Every structure is written in structure tokens, then in C-alpha cells.
Amino acid sequence: MTTRPPRPLTRADFPLAETAPEKVRGARGKPLDALTLDAVMTGEVTIEDLRITPQALLAQAEIARDAGRAALAANFERAAELVHVPQDLIMETYEMLRPGRVKDSAALRARAAMLRRDHGAEKLAEFLETAAIHYQRRGLTPG
């Protein structure tokens, strides 16, 4: 017996918590209906259970893409890559993207390489490399 791949999500699936709550799980795998106030009060649910997961962000990307919102879908996909990246590294990278904050576009390319190598963040790395090209073209970084 073969297993059918899941059908792609569409805009009809939005919001997932209402249309397909069985697909929504926390970072520790708890289903949505296990996230109750009582469970929080007894310590069965922790902050880790409430964190967004790459799977949830990728599901949102699928829905956004189906709705014709490609840029939003790409944002969700990059966000999915960031879930396991340390917060201080995210904030440092965000600061680097602010115009005029890096003096050389090589710094953005180096950050892209590090995120790709150390965190498997391919789409984010591509975003940084594209930013490096545009910042250089616009004279925001010299090299």
C-alpha cells in the first residue's frame, strides 16, 4: 500500500487552527487542543510549546502562495529557516541590513555564507546576497 502525499494547502485552509487543527503542533509536538490554560497552570505546557515551528511557517507560506502573495510566502519561508537560529544572530543580521550599517557588501555576503553553512538557511542567504548586490549598486556599500 502506498501513502498519498498530503494535498497542497490552499487559501481555503486558512486559518489552519480552524480548518485543520490536527496540523497545528507546538515545538514539542503537542497538538493545538492540548494548549489550554489548565495545562499551562499545571506546567504541562511551557513556553516551548507555544513557539512557532518551521512546519507552521511553511504551511502559511503554502497558503500565501496559493493566494497569489508570493512575497509573503517567501517571507514565511525565510522565517521558517530562522526558527532555530539564535536570537542574537538574527538581531545582528537585521542590524546589518539597515542601509549604511555595513561599510562593505562583503560583510553581507560573509553573513549569508555563515547562515547557509551553519544553519542551513539557504533562502535567507540568497536574500542577504541579493541585498549586498542592491546596496552596492545604490552606493550604500563601497564594495
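Throughout what follows, the structure given in this document is the object of discussion.

Parameters at a glance
Residues numbered from 1 in each chain as written. Predicted model: local features only at pLDDT ≥ 70, side-chain atom pairs only at ≥ 80, totals over all residues. Heavy atoms only, no water. Helix = DSSP H or I, 4+ residues; strand = E, 2+ residues; numbered from the N terminus. Expected span 1.5 Å × (residues − 1). Buried < 20%, exposed > 50% of the residue type's maximum accessible area, 1.4 Å probe, protein only. Contact = heavy atoms within 4.5 Å. Core = buried A, V, L, I, M, F, W, Y, C linked by side-chain atoms within 4.5 Å. Polar contact = N/O pair within 3.5 Å; in protein donor to acceptor, adjacent residues only side chain to side chain. Lys, Arg positive; Asp, Glu negative; His and termini not counted. Salt bridge = Lys/Arg side-chain N within 4 Å of Asp/Glu carboxyl O. Axes fitted to C-alpha atoms, helices over the stretch in contact; angles between N-to-C directions. Parallel < 35°, antiparallel > 145°, perpendicular 65-115°, else oblique. Nonpolar A, V, L, I, M, F, W, Y, C, P; charged D, E, K, R; others polar.

Thoughts on helix α4 (residues 54–66)
Taking 1.5 Å as the rise per residue, α4 with 13 residues should run 18 Å; its terminal C-alpha atoms sit 18 Å apart, in good agreement. Turning to α4, its buried residues number three or more, namely Pro54, Leu57, Ala59, Ala61, Ile63 and Ala64. Structurally, α4 contributes buried residues whose contacts are with α1 (16–19) and α5 (70–82). Two residues or fewer after α4 comes Gly68, characterised by a positive phi angle close to 80°.

Remarks on the nonpolar core
Counting 16 residues, the largest nonpolar core has Leu89, Leu97, Leu108, Leu115, Leu128 and Tyr135 as its most contacted members. Counting residues per element, the ones that place at least two in this core are α6 (87–97), α7 (105–119) and α8 (122–137). If one sorts the elements of this core by residue count, α8 sits on top with six residues. When near neighbours in sequence (up to four residues on either side) are disregarded, Leu128 contacts Thr93, Leu97, Leu108, Arg111, Ala112 and Leu115.

Concerning the side chain of Asp49
By the secondary structure assignment, Asp49 is in helix α3 (residues 47–50). In terms of polar contacts, Asp49 uses its side chain to reach the backbone amide nitrogen of Thr46, at 2.8 Å. Beyond its immediate chain neighbours, meaning those up to four positions away, Asp49 contacts Gly26, Ala27, Arg28, Lys30, Leu35 and Glu44.

Quick notes on the side chain of Arg78
Of note, Arg78 is situated in helix α5. Buried and unpaired, Arg78 has no salt bridge, with Glu77 as the nearest side chain of opposite charge at 6.9 Å. The residues contacting Arg78, other than those within four sequence positions of it, are Lys123, Leu124 and Phe127.

Structural notes on the packing of α4 against α5
Contact pair α4 / α5: the axes reach a minimum separation of 8 Å and the direction vectors enclose 170°. For the element pair α4 / α5, the angle class is roughly antiparallel. Counting all contacts with α4, which are made through Pro54, Leu57, Leu58, Gln60, Ala61, Ala64 and Arg65, the residues of α5 involved are Ala70, Leu72, Ala73, Ala74, Phe76, Glu77, Ala79 and Ala80. Broken down by class, the residue content of the contact of α4 with α5 amounts to 12 nonpolar, one polar and two charged.

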